Amino acid sequence: MTSMSRARVARRIAAGAAYGGGGIGLAGAAAVGLVLAEVQLARRRVGNGTSGHVPNADGLYGRAYAGPGESPLRLTMLGDSTAAGQGVHRSGQTPGALLASGLAALAECPVRLRTVATPGARSDDLDRQVALVLADSDPVPDICVIMVGANDVTHRMPPTRSVRCLASAVRRLRTAGAEVVVGTCPDLGTIEPVRQPLRWLARRASRQLAAAQTIGVVEQGGRTVSLGDLLGPEFAENPRELFGPDSYHPSAEGYATAAMAVLPSVCASLGLWPAEEERPDASRREGFLPVARAAAEAASEAGTEVAAAMPTGSRGPWALLKRRRRRRVPEQEPAPATPSN
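Residues numbered from 1 in each chain as written. Predicted model: local features only at pLDDT ≥ 70, side-chain atom pairs only at ≥ 80, totals over all residues. Heavy atoms only, no water.

Peer 1: Mind laying out the pairing of strand β4 (residues 143-147), listing which residues take part and the relevant values?
Peer 2: Of all five residues that make up β4, five are buried, and the element is covered over most of its length. Because side chains alternate across β4, one face comprises the buried residues Ile-143, Val-145 and Met-147, and the other comprises Cys-144 and Ile-146, equally buried. The pairing of strand β2 (residues 73-79) with β4 spans five bridges and is classified as parallel. Along β4, the bridge assignment pairs Thr-76 with Cys-144. By the bridge criterion, five bridges tie β4 to strand β5 (residues 179-183) in an arrangement that is parallel. If you follow Ile-143 over to β5, its bridge partner there is Glu-179. (Buried < 20%, exposed > 50% of the residue type's maximum accessible area, 1.4 Å probe, protein only. Helix = DSSP H or I, 4+ residues; strand = E, 2+ residues; numbered from the N terminus. Pairing = 2+ DSSP bridges.)

The following block contains the structure:
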C-alpha cells in the first residue's frame with residue numbers, strides 16, 4: 001500500500017472515530033480474525049516465557065540530581081503489556097524504567113515513575129487507566145506515555161472505536177495539563193511464528209491503525225512515535241535478540257530499542273531537547289505535511305515523530321514530521337519509592 005493510499009485509509013478511520021460509525025470491512029475482519037487465530041496458536045506452540053508477571057519499576061529515578069525542595073518530574077506509563085514491560089525479568093529493563101532513567105539524565109532532575117499500563121489491555125481500557133491517573137491526590141503527571149494498539153488488532157476491535165478511545169484519553173490528559181506521547185501500534189507482521197500471507201495482512205492492519213492513531217492523537221494535542229517499523233526490519237533481522245522467550249513480547253534489548261525511539265519525543269514535549277534539533281531538517285526528509293500524510297509516512301518508519309504544527313488549512317490539519325536520532329539510555333534499577341509531597 002502506498003503512502004497516499006494509507007493516508008486516505010487513516011483519514012477515513014479517524015473521521016469515523018470522530019463522528020461515529022465506520023469500521024473494518026468484512027474482508028478486513030476475516031483477515032484479522034485469521035491473524036488472531038494464528039497468533040493464539042503461535043503463542044500456545046511457543047509455550048515458554050508467557051508468564052503474566054511484570055516487574056514493578058515504579059519509583060524515583062535520578063535521585064542523585066535531587067536538590068533541596070526540588071520536585072521530581074512525573075512520568076506515567078499507560079497502555080498494554082508493551083508499556084508495562086511484560087517479557088523481561090528486571091524492573092530496570094522495562095520501557096518505563098528506561099525512559100525514566102534517560103529523562104532524569106537529560107533533564108538532570110529526578111523522575112518519579114508510575115505505571116498503570118495493564119497486560120492484555122486494549123484502547124477501551126484507557127478510560128479506566130486515565131481515571132486512575134487523574135483521580136490521585138498527587139499532582140498531574142508532567143508527561144504520559146501511552147503504548148497501545150496490538151491487542152486492538154488481534155481482538156478485532158473496530159479501528160474507529162480504537163482511535164476514538166485513544167483520542168479521548170489523550171484529550172483528558174492534555175486538558176488536565178499533562179504532555180502526552182503515544183507509541184503507535186507495533187507491526188504484528190513481525191511476530192516470528194506468524195506465517196505468510198497472514199504476516200502481510202497483520203502488517204497492513206497494524207500500519208493502518210498506527211496511521212489513524214496518529215491523526216487522532218495529534219488532533220488532541222499529543223505527539224506520536226511510530227513503533228511499527230521499529231518492530232519491523234530490526235526485529236525481523238534479529239528475532240532471537242530482540243524478541244523475548246515467548247516470541248511475542250520484546251526482550252530487554254527490544255525494549256531498550258523502543259525506549260531510544262520514544263525518549264527524544266518525551267524530552268522534546270517537555271522542552272528538554274536541543275533547540276537546534278527541533279528545526280526540521282530537509283536532508284532527513286523532515287518538514288510540515290498534512291497530518292494524514294505525515295501519519296502515513298510515520299507508520300512506515302520507526303522512531304518518526306508527528307506533532308501538531310499549524311491550524312487547519314485547505315487540506316486539513318498540518319503536522320511536523322521529525323525523524324529523531326535515537327540515543328541509548330542507561331539501564332537503572334529504581335531507587336526505593338518515597339512518599340509524594
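We are not done yet, so read on.
Peer 1: Describe the side chain of Ser-269, listing the residues and the values that go with them.
Peer 2: On the secondary structure map, Ser-269 appears in helix α11 (residues 252-269). Assessed through its relative accessible area of 10%, Ser-269 is described here as buried. Apart from the residues lying within four places of it in its own chain, the contact partners of Ser-269 are Ile-143, Glu-179, Val-181 and Arg-223. (Contact = heavy atoms within 4.5 Å.)

Peer 1: Please provide a residue-by-residue account of the pattern of salt bridges, values included.
Peer 2: For the coordinates displayed, the defined rule picks out ten salt bridges. Measuring nitrogen to oxygen at the nearest pair gives 3.0 Å for the salt bridge that ties Glu-305 to Arg-223. With Glu-305 in strand β8 (residues 304-313) and Arg-223 in strand β6 (residues 223-225), the pair connects residues that are 82 residues apart, well separated along the chain. On the accessibility criterion, Glu-305 (1% relative accessible area) is buried. Put simply, Arg-122, Asp-124 and Arg-161 are held in one network by salt bridges that share partners. (Salt bridge = Lys/Arg side-chain N within 4 Å of Asp/Glu carboxyl O.)

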